[in-house]
Amino acid sequence: MWRARAAAASCVVCQNALNGTHGTRRKAVLQKMCFVSQSIHHSRYPISKFQRLSLRTSVQQFSTLNRYPLHKFKLHVKYGSQPHRNFWLARVASRLLKLRYIVLGSAVGGGYTAKKTYDQWKDMLPDLSEYKWIVPDFVWELDEYIDFDKLTKALPASEDLMKLLPDFDKIGESFGSLRGFFAPDSSRETAFRATDQGGENDKQYKKVSDKEKVDQLQEELLHTQLKYQRMLERLEKENKELRKIVLQKDDKGIHQRKLKKSLIDMYSEVLDILSDYDASYNTQDHLPRVVVVGDQSAGKTSVLEMIAQARIFPRGSGEMMTRSPVMVTLSEGPHHVAMFKDSSREFDLTKEEDLAALRNEIEVRMRKSVSEGCTVSAQTISLNVKGPGLQRMVLVDLPGVISTMTSGMAPDTKETIFSISKAYMQNPNAIILCIQDGSVDAERSIVTDLVSQMDPQGKRTIFVLTKVDLAEKNVASPNRIQQIIEGKLFPMKALGYFAVVTGKGNSCESIDSIREYEEEFFQNSKLLKKCMLKAHQVTTRNLSLAVSDCFWKMVRESVEQQADAFKATRFNLETEWKNNYPRLRELDRNELFEKAKNEILDEVISLSQVTPKHWEEILQKTLWERVSTHVIENIYLPAAQALNAGTFNTTVDIKLKQWTDKQLPSKAVEVAWETLQEEFSRFMTEPKGKEHDNIFDKLKQAVKEESIKRHKWNERAEDSLRVIQHNALEDRSISDKQQWDAAIQFMEETLQSRLKDTESVIEDMVGPDWKKRWLYWMGRTKEQSIRNETKNELEKMIRCNEDHPAYLANDEVTTVRKNLEARGVAVDPCLIKDTWHQVYRRHFLKGALGHCNLCRRGFYYYQRHFVDSELECNDVVLFWRIQRMLAITANTLRQQLANTEVRRLEKNVKEVLEDFAEDCEKKVKLITGKRVQLAEDLKKVREIQEKLEVFIEALHQEEK
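Basis of the calculations
As a convention, each chain's residues are numbered from 1 in the sequence order in which they are written. Note on the predicted model: pLDDT of at least 70 is required for a residue's local features to be given, and 80 or more for side-chain atom pairs to be given and counted; whole-chain, interface and lining totals, by contrast, use all residues. Excluding hydrogens and water, the side-chain values take into account all heavy atoms of the structure. Take the buried residues of types Ala, Val, Leu, Ile, Met, Phe, Trp, Tyr and Cys, join any two whose side-chain atoms come within 4.5 Å, and each joined set is a nonpolar core. Only protein chains enter the calculation, and the probe is 1.4 Å; a residue is then buried if its accessible area is under 20% of its type maximum, exposed if over 50%, and partly exposed in between. By the criteria applied, helices consist of DSSP H or I runs no shorter than four residues and strands consist of E runs no shorter than two, each listed in order from the N terminus. Two residues form a contact once any of their heavy atoms are found within 4.5 Å. Paired strands are those between which DSSP finds at least two bridges. Aromatic rings from Phe, Tyr and Trp, with only the six-membered ring used for Trp, were paired whenever their centres fell within 6.5 Å, and each pair was classed as stacked if the ring planes differed by under 30 degrees, edge-to-face if by over 60, and tilted otherwise. We call a charge positioned above a ring when the Lys NZ or Arg CZ atom is no farther than 6 Å from the ring centre and deviates by at most 35 degrees from the ring normal. On a scale of 0 to 100, pLDDT captures the predictor's confidence in every residue. Here the term patch refers to residues with relative accessible area over 30% and no salt bridge, with like charges joined within 9 Å and nonpolar side chains (Val, Leu, Ile, Met, Phe, Trp, Tyr) within 5 Å. Residue burial considers only the protein chains on display, and all accessible areas are found by Shrake-Rupley using a 1.4 Å probe. By definition, a salt bridge exists where a carboxyl oxygen of Asp or Glu is found within 4 Å of a side-chain nitrogen of Lys or Arg.

Enquirer: Even after reading the chapter, I still don't get the nonpolar core, so can you show me in this structure?
Expert: Soluble globular proteins: nonpolar side chains tend toward being buried together. Counting 103 residues, the largest nonpolar core has Ile312 and Phe551 as its most contacted members. Ranked by residues supplied to this core, first place goes to helix H22 (residues 540–580) with 12 residues. Beyond its immediate sequence surroundings of up to four residues, Ile312 is in contact with Glu305, Leu349, Leu355, Leu358, Arg359, Ile362, Leu383 and Val385. If you look at the next biggest cluster of nonpolar residues, it comprises 99 residues, including Val652, Leu820, Trp836 and Cys855.

Enquirer: I would appreciate a short explanation of the environment of Arg732 in the present structure.
Expert: Relative to the assigned elements, Arg732 resides in the loop between helix H28 (716–730) and helix H29 (737–766). Residue Arg732 is classed as partly exposed on the basis of its relative accessible area, which comes to 35%. For the pair Arg732 and Arg884, spaced 152 residues apart in the sequence, the C-alpha separation amounts to 9.9 Å. Apart from residues lying up to four places away in sequence, Arg732 is in contact with Asn649, Asp653, Tyr862, Val877, Trp880 and Arg881.

Enquirer: I keep staring at the sheet that holds strand S1 (residues 290–294) and nothing clicks. Help me out?
Expert: Strand pairing in a sheet takes place through backbone hydrogen bonds and is either antiparallel or parallel in direction. Sheet architecture is open: 9 strands sit in the order S4-S3-S5-S2-S6-S1-S7-S8-S9, paired in mixed fashion. If you trace the sheet from one side to the other, it starts and ends with strand S4 (347–348) and strand S9 (496–499), each paired once. In the sheet, S1 pairs with strand S7 (residues 431–437) via 5 bridges, with the strands oriented parallel. Looking at S7, one finds that Gly294 is bridged to Ile435.

Enquirer: What is the right way to look at the environment of Glu332 in this model?
Expert: Along the chain, the position of Glu332 falls in the loop between strand S2 (326–331) and strand S3 (337–340). C-alpha of Glu332 to C-alpha of Gln391: the two residues are 59 residues apart in sequence and 7.2 Å apart in space.

Enquirer: How should the packing of aromatic side chains be read in this particular structure?
Expert: Given two aromatic rings, their pairing is described by the distance between the two centres and the angle made by the two planes. Tallied over the entire structure, the rule returns 14 aromatic pairs. Measuring from ring centre to ring centre gives 5.7 Å for Tyr267 and Phe551, while their planes differ by 80°; the resulting arrangement is edge-to-face. Within this pair, whereas Tyr267 is found in helix H13 (residues 263–277), its partner Phe551 is found in helix H22, the two being separated by 284 residues in sequence. With a relative accessible area of 0%, Tyr267 lands in the buried category. Both rings, one in Phe551 and one in Trp552, keep their centres 5.3 Å apart while their planes meet at 75°; by these two values the pair is edge-to-face. There is no split in this pair, since Phe551 and Trp552 are both buried. Among the aromatic residues, those joined into a cluster by ring pairs are Trp624, Tyr636, Phe746, Phe844 and Phe879. If you follow Lys923 out to its NZ or CZ, it ends over the ring of Phe593, 5.7 Å from the centre.

Enquirer: Whenever I open this one, the confidence of the model for the protein chain confuses me. Can you help?
Expert: Segments scoring low in pLDDT should not have their predicted coordinates read at a detailed level. On average, residues of the protein chain carry a pLDDT of 76, and 71% of them reach 70 or more. Counted against residues more than four places away or in other chains, residues 1–85, with its pLDDT under 50, gives 57 contacts. For residues 180–207, every residue scores under 50 in pLDDT, and the model assigns this stretch 7 contacts once sequence neighbours within four places are set aside.

Enquirer: Sorry if this is basic, but what is going on with a nonpolar patch on the surface here?
Expert: A cluster of nonpolar side chains, Trp770, Trp774, Leu775, Tyr776 and Met778, forms an exposed patch at the surface whose accessible area comes to about 720 Å². On the secondary structure map, Leu775 appears in helix H30 (residues 770–775).

Enquirer: What is the right way to read unusual backbone geometry from this model?
Expert: Phi angles above zero are rare outside glycine, and Lys467 is one such case at about 55°. Its location among the elements puts Lys467 in the loop between strand S8 (461–466) and helix H18 (468–474). Given the relative accessible area of 22%, Lys467 is considered partly exposed. Of note in this structure, Thr539 is not a glycine but carries a positive phi near 75°. Structurally, Thr539 can be placed in the loop between helix H21 (526–529) and H22.

The structure is reproduced here in structure tokens:
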């Protein structure tokens, strides 16, 4: 194409030249024609033939396949006629010289225009000098804390880089051999044919040399990768130290600015709230987590510790140590520390003492979470681990899957572990970290089948083969390990396959020693040398990076969808609350507990407002009800059998002294404590009208019972009370007639009450009288008829001797029995004595009441000590002493209640409420109902949704 265009142009020039010349000048003009025109269209001139030879020679001269050295080719032209002078080179040079003015002018104009444009743009930019405060101070001071010379020295030297470049000599030799093969000379063709006709020895030698070259290249590649790996780790270590310095400085508040929570901390808070929201792990929660599953003793915990860079979990040889799910949140921080979400204590993971304490605390929490009769628990333990260089993610360590149960395990242990693992893996956004023990046969694995059921496509599964060092040592064929890594031995599919080494089996190994052993093993391992494994598939460090990337990718893809789901749930719950409880505030369980706590404390304070008169009346009445039987039966009746006043008073004094020393003080304290309980219960259970909320009834009852159970009366109160009661009972001086009348009234009421009770007992013994039998059609039993006959016979005996003593003699019992047998009634002697006791009691009480009426006017004789008087009212004095003792005791107990016991009870109530406030299970049990549950769900969902929105906003800002 270019030759045609050149020919056309040359012909135009020749035609113009011919038209402009005549005669003898035609030949000269042809000689002045262009070089291309002469060579193509005017072949009769000698230069045309020579030019074609020159073109062919130039192709051979610049050929890259020519093995001969290159030389300049000199042209010797011999024209057939006299040559003419040619000035075309001078004209081309003059035109090129004109270009310098154009280039110079363009440069000057362009420079001026560029400067003007730069000044305009510079004027348009705002003045940012006032906004230097936006950039933290430590950015301007980095050179003080970062040793750039040290970083420069840490970079690879130029000699090392030159070693990494390909060997250009070998490449040149390779190209030289190729050039020899394609050379056109006959010697190369002969050598080529000779090579084709070579023997088998030459072919075998060539194959061996190729294999050695491949092995050598693989070895160099492996060393190069390991070298880069070590360099990268060294740089990362230095970077880790530098970041630690920066974070420490930032932590001390040098910048005087509030640090924001990291993304992983915000995300972990959401997961903690969800864990509290539904302890059974609601499958509607589809937020991503890294779920670590594997067979028991497969190395799950060891892998997790390598990722966390600390030995934080309890260890045991062959024993189940992980008894409940442990959620570990990894984040970056200046110090390597760990902290439980419900505790403020920080464990320094660089100190062995804190590591031992942390392992012990985890083991204690696991055992506490396990219910009685169980082996594992579904309750999640939340742990935060921070440190420089940690990959941000949330991992959940689950109990190891078992195939058989050993002694000491609950019968449902295997099924419980399966259900817990399935519950976590059912989450479609959970990343499953499947741990397989490489030192055992792959066919014995249980977890792979379980993972295949949960994630058949392997879209969220990462397979990890542990103990590869033992596997390589014990397995005869390394190809089997390759098949395991590639997933060819299992039906399970996975996103990635990794091989790691978690130590030599010694629990005392440190993380650094394990990492060094892991690197050393893979550096010398046949798995890498024979390309069965790739460099990015080995070491826990690469595993940690891959899991973290996968985790955050899953978070970014699913978190907004989950936020929308919680937003819809919140709307549904708010609508349900408005329809069911339109006039009530949304109070969750904790807020309701605080409200009930205030009401209970107000009711306890109300005890101090009870009037002293009310306390004393209740105490005196209740105490007499408790001791009246003892006074009548054991003091008054035995003393009344005395024949004279002296014996009566002596018997009374002795029995009162014994009663005071042994029973009366404790009985009085018991009465006071029961009275306090009754008043406290009355205030607690008393309805408050429209303001009463029955949702607190269970809580108030539980607080009342627990407070009463904990409360104990002051032990020294009995001693002081005993002295007061003894002094009160020794006083016999009735000062005025009013007290005398009060004692007679008290005695009369007591005797009438006892007489009424006695007549009721006799009526039950003998049956209804004739009026009731006729009016109410009632009848007597055979026993009642016998007792009635016995009663009638005993009444005849009393009528004959009204001063009969309290007990029947044996001959009197025989007489009564024979009299009854004569009338055809067979009676047992015990029945006669039993009936006599009630009959005589009624007779005595009636006589005492009659004597009480006579003593109404006996105060005058009492003042004269009953001298020259047949009337003796010592029984009235006895009841006055009892009445005065009751009044003094009630007053003393009232003072103890008001001054001491009410305050101690209030203190006990506060302690009980504080204990209940810390016991979540107790609050759930005592504050129940649809209203409470709806408020709880609404609060949790609202909190989760708000935190997710904040997390999403922070995630978008980080991406920008």
